[in-house]
Amino acid sequence: MFGARKHNFALVCGLVRDELECLLTLGHLQEERASGLFDGIVLSTWHNEVDNIPGLRQQLERDGVILVESTAPDTDVRGHAWAQHKATLAGLRAIPDGAAVWRGRTDRSAHLLKSFRSIIAAGPEATCRYGAIKPVFRRRVAAMAVLASVPFYATDFAYYGLKEDLMKMVHFDGRYDSLFHGFGAEQRLWTHPFLTAFPELGAFYENIHILGLSTHVIDAVRSEKPLPDALVRLFAFYWVCLHNNIRIVDSRDYDGDIGLHAALGAGNTSGVRCGTGASKPNFTTTLATFNCQEALDQLVTGTLPDTADNRQLQAALKALKRKGVAALPAWSDGLAAELAALRGDNDIPLVTPPVYRTGDGTPFAGGANGHGLRDMLERASGVSDIQADDLALVEDAFKSLRQGADSGTIYGRIGDAILAAGPDDAARRRLAGFFLLRAAERGNHDAAARFGWLVHAGALDKGNRQHAAHWAGIAAYKNVPLAQHVLSLMYRDGWIDDPLGEQADHWQGRARENGFSEAMLETLFSHP
């Protein structure tokens, strides 16, 4: 038994696009809190968002809703993924450790709460272990439905799990925009914990258009074409990970056998819903979906009907149980050719080897991230021509993110290294500032202090003044000497209002007490 109801919190995230629906959602959650289902409610949104609705801020205060306001990311990625993750992360930080959290949206999710209610009342259920494959979460995370044919793709309108497990799902990893093909916001959310735990999966995502893969696999199964053994091993591993870590909420009645053929969309059973529709299939209409926990568990642990494809699946499952992640296939040109053969007449890409080029059209000699990463960084940072050495440095640092390193630490190191390599280069300073700011937003207080120093000293655009004061102030309260010195200068120069004129001396004194001296600045940067 997980524990008492008091461990449950509701977290609502997002813009207030629909005033009526937002108010209805909060009202519904208030009723559930009064019934004892939730111990608290958190609304996580952007600065000034609630002020667009007259009286909402005061109503939240009266109702005891915890309001978390943060700055919306200015980087536009597919599906607004970073905005979703940042709002979720900020909200989770306001919830006590050890709690379980139902995460929904300001719109289009309140009606889903009834499906989760019995699960929330009982608390997150125990994970499973399948032989050598350990669970990734401490407790199962509950999701409405999971796509059987698209690895690590579940619905994201609402989900429920331990705070510590949901924290594993939020991230700001640029690889999903620069490297992986066909990724949506939902896949970023659910895939990240498993890629962190099993980095061997990375090669598949780097080389395969994952949504396209679903269409080609379903088409092949419906045409009774054999699937490559490596692909069956990949799906078997995915389904084992689901069985171990995910609780499917939409549990429909299930009274039949299921196997590889049914799970990948060749039939319609009461346990698995398979999309059908267009005469020319596409990935929006041919997705095999698990919406029954019993069906998924039977697929992984049950006795399957004795067919050729089920024997192939059973062999893959036995290898996974015995060898764990070592049973996963390695990416190779041969496997790429086998997968490409599934494509047939379908015009959706499956294997799309990227060609990376520089701005003048010549092949890029850097690492595997190449063109996509350069485009993303130039768009996000405003630096129009990122040097190859800096791009290679970023690529190398991102490898650490794949191994589960803290993104705030890695982004801080990237910013410092770029700045050290070219302190006199304005474009490099701007790129370094881009990474230092993101490091600050992810809890790196030393990076926050350095970003504040750069902006105040004029090495970065004064348009960053608000960010610099905000993050330097947070780092100062965390007793970072440089940040305290910078905050003192900001007060002195009128960047921050100080009616009594006391704050500049106060923070300079705190900086000196903590060991700050002007000599420290000489070791930071040869300029600003």
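On a predicted model such as this, the values are computed, not experimentally measured, just so you know. (Residues numbered from 1 in each chain as written. Predicted model: local features only at pLDDT ≥ 70, side-chain atom pairs only at ≥ 80, totals over all residues. Heavy atoms only, no water.)

On to the overall build of the chain, then. Tallying secondary structure elements over the chain gives 23 helices and 10 strands in all. Here the chain, with 528 residues, has 54% of them falling under the buried criterion. Across the chain, the fraction of contacts at a sequence separation of at least 24, relative to all contacts at a separation of at least 6, is 71%. Within the structure as shown, the chain displays about 22,000 Å² of accessible surface, and the carbon and sulfur contribution to it stands at 50%. (Helix = DSSP H or I, 4+ residues; strand = E, 2+ residues; numbered from the N terminus. Buried < 20%, exposed > 50% of the residue type's maximum accessible area, 1.4 Å probe, protein only. Contact = heavy atoms within 4.5 Å. Areas by Shrake-Rupley, 256 points an atom, 1.4 Å probe, with all protein chains shown as cover.)

For the chain, per-residue confidence averages 83 on the pLDDT scale, and 86% of positions sit at 70 or higher. Strand E9 (residues 272-274) is the least confidently modelled element of the chain, averaging 49 in pLDDT, while strand E7 (residues 159-162) averages 98, the highest of any element. The low-confidence segment residues 1-5 (pLDDT under 50) makes 12 contacts with residues lying over four places distant or belonging to another chain. In this model, residues 363-371 is a region of pLDDT below 50 whose contacts with residues beyond four sequence positions or in other chains number 26 contacts. (pLDDT = per-residue confidence, 0-100.)

With that out of the way, let us pick up the environment of threonine 155. Within the secondary structure, threonine 155 sits in the loop between strand E6 (146-147) and E7. Given a relative accessible area of 30%, threonine 155 falls into the partly exposed group. With sequence-adjacent residues up to four places away left out, threonine 155 is seen in contact with Met144, Ala145 and Trp190.

Now for the pattern of salt bridges. By the definition in use, this model includes 17 salt bridges. A salt bridge links glutamate 32 to arginine 117, with the shortest nitrogen-to-oxygen separation between them at 2.8 Å. Of this pair, glutamate 32 sits in helix H1 (residues 19-35) while arginine 117 sits in helix H4 (residues 113-122), and the two are 85 residues apart along the sequence. In this structure arginine 117 comes out as partly exposed when scored by relative accessible area, which is 32%. For aspartate 107, the salt bridge is made with arginine 105, and the minimal N-O distance between the two is 3.0 Å. There is no split in this pair, since aspartate 107 and arginine 105 are both buried. (Salt bridge = Lys/Arg side-chain N within 4 Å of Asp/Glu carboxyl O.)

So, on to helix H21 (residues 481-492). The terminal C-alpha atoms of H21 lie 17 Å apart, and with 12 residues this matches the ideal 16 Å at 1.5 Å per residue to within 8%. Most of H21 sits out of view: 11 of its 12 residues are buried. Those residues of H21 that sit buried are Pro481, Leu482, Ala483, Gln484, His485, Val486, Leu487, Ser488, Leu489, Met490 and Tyr491. Looking at the residues trailing H21, positive phi occurs at glycine 494, about 80°. (Expected span 1.5 Å × (residues − 1).)

This brings us to helix H10 (residues 229-245). An ideal rise of 1.5 Å per residue puts 24 Å on 17 residues; H10 measures up with 24 Å between its terminal C-alpha atoms. Burial analysis of H10 places 15 of its 17 residues in the buried class, the great majority of the element.

Residues Trp190, Leu201, Leu227, Leu231, Trp239, Phe290 and Leu313 are the most contacted members of the largest nonpolar core, which totals 88 residues. A total of 12 residues in this core trace back to one element, the largest contributor, which is H10. With 57 residues, the next largest nonpolar core counts Phe434, Leu436, Trp471 and Phe516 among its residues. (Core = buried A, V, L, I, M, F, W, Y, C linked by side-chain atoms within 4.5 Å.)

Right, let's talk about the packing of helix H18 (residues 426-441) against helix H19 (residues 445-456) for a bit. Packing of H18 against H19 brings their axes to within 8 Å, and their N-to-C directions diverge by 135°. Classified by the angle their axes make, H18 and H19 are oblique. Relative to H19, the crossing made by H18 is left-handed. Note on element contacts: H19 touches H18 through Ala447, Ala448, Arg450, Phe451 and Leu454, opposite Gly433, Leu436, Leu437, Ala439 and Ala440. In terms of residue class, the contact of H18 with H19 is made up of 8 nonpolar, 1 polar and 1 charged. (Axes fitted to C-alpha atoms, helices over the stretch in contact; angles between N-to-C directions. Parallel < 35°, antiparallel > 145°, perpendicular 65-115°, else oblique. Left-handed = near helix turned anticlockwise from the far one by under 90°. Nonpolar A, V, L, I, M, F, W, Y, C, P; charged D, E, K, R; others polar.)

A full pass over the atoms with the stated rule returns 14 aromatic pairs. Considering the side-chain rings of phenylalanine 235 and tryptophan 239, the 5.8 Å spacing of their centres and the 40° angle between planes classify their relative orientation as tilted. Of the two residues, phenylalanine 235 and tryptophan 239 both sit in helix H10, 4 residues apart, roughly one turn of that helix. When its relative accessible area of 0% is taken as the criterion, phenylalanine 235 is described as buried. Grouped by ring-pair contacts, the aromatic residues Phe137, Phe152, Phe194 and Tyr238 constitute a single cluster. (Phe/Tyr/Trp six-rings, centres within 6.5 Å; stacked < 30°, edge-to-face > 60°.)

Further remarks concern the sheet that holds strand E8 (residues 246-248). Overall, mixed pairing links the 7 strands, which are arranged E3-E2-E1-E4-E7-E5-E8 in an open sheet. This sheet does not close on itself; its edge strands, each paired only once, are strand E3 (66-70) and E8. Shown here is a sheet whose adjacent strand axes are inclined to one another by a mean of 20°, direction ignored. Two strands pair when backbone bridges link them, and strand E5 (residues 141-143) and E8 are joined in this way by 3 bridges, in the parallel orientation. (Pairing = 2+ DSSP bridges.)

Another aspect to go through is the environment of aspartate 165. Within the secondary structure, aspartate 165 is located in helix H5 (residues 163-169). It is 6.7 Å that separates the C-alpha atoms of aspartate 165 and arginine 138, two residues lying 27 residues apart in sequence. Setting aside anything within four residues of it in sequence, one finds aspartate 165 in contact with Phe137, Arg138, Arg139 and Val141.

Now for the pairing of strand E4 (residues 100-105). Counting buried positions over the 6 residues of E4 gives 6, a clear majority of the element. What you see with E4 is no split at all: Ala100, Trp102 and Gly104 on one side and Val101, Arg103 and Arg105 on the other are buried throughout. Across 6 bridges, strand E1 (residues 8-13) lies against E4 in parallel orientation. Across the sheet, the residue bridging to phenylalanine 9 is valine 101, located in E4.

Moving on, we come to the packing of H19 against helix H20 (residues 465-477). Where H19 meets H20, the closest approach of the two axes is 8 Å, and the angle between their N-to-C directions is 140°. As summarised for this structure, H19 and H20 are arranged oblique, according to the angle between their axes. In this structure, H19 meets H20 at a crossing whose hand is left-handed. Each of His445, Ala448, Ala449, Phe451, Gly452 and Val455 in H19 lies in contact with H20, whose residues at this interface are Arg465, His467, Ala468, Trp471, Ala472, Ile474 and Ala475. Its residues assigned to classes, the contact of H19 with H20 shows 9 nonpolar, 3 polar and 1 charged.

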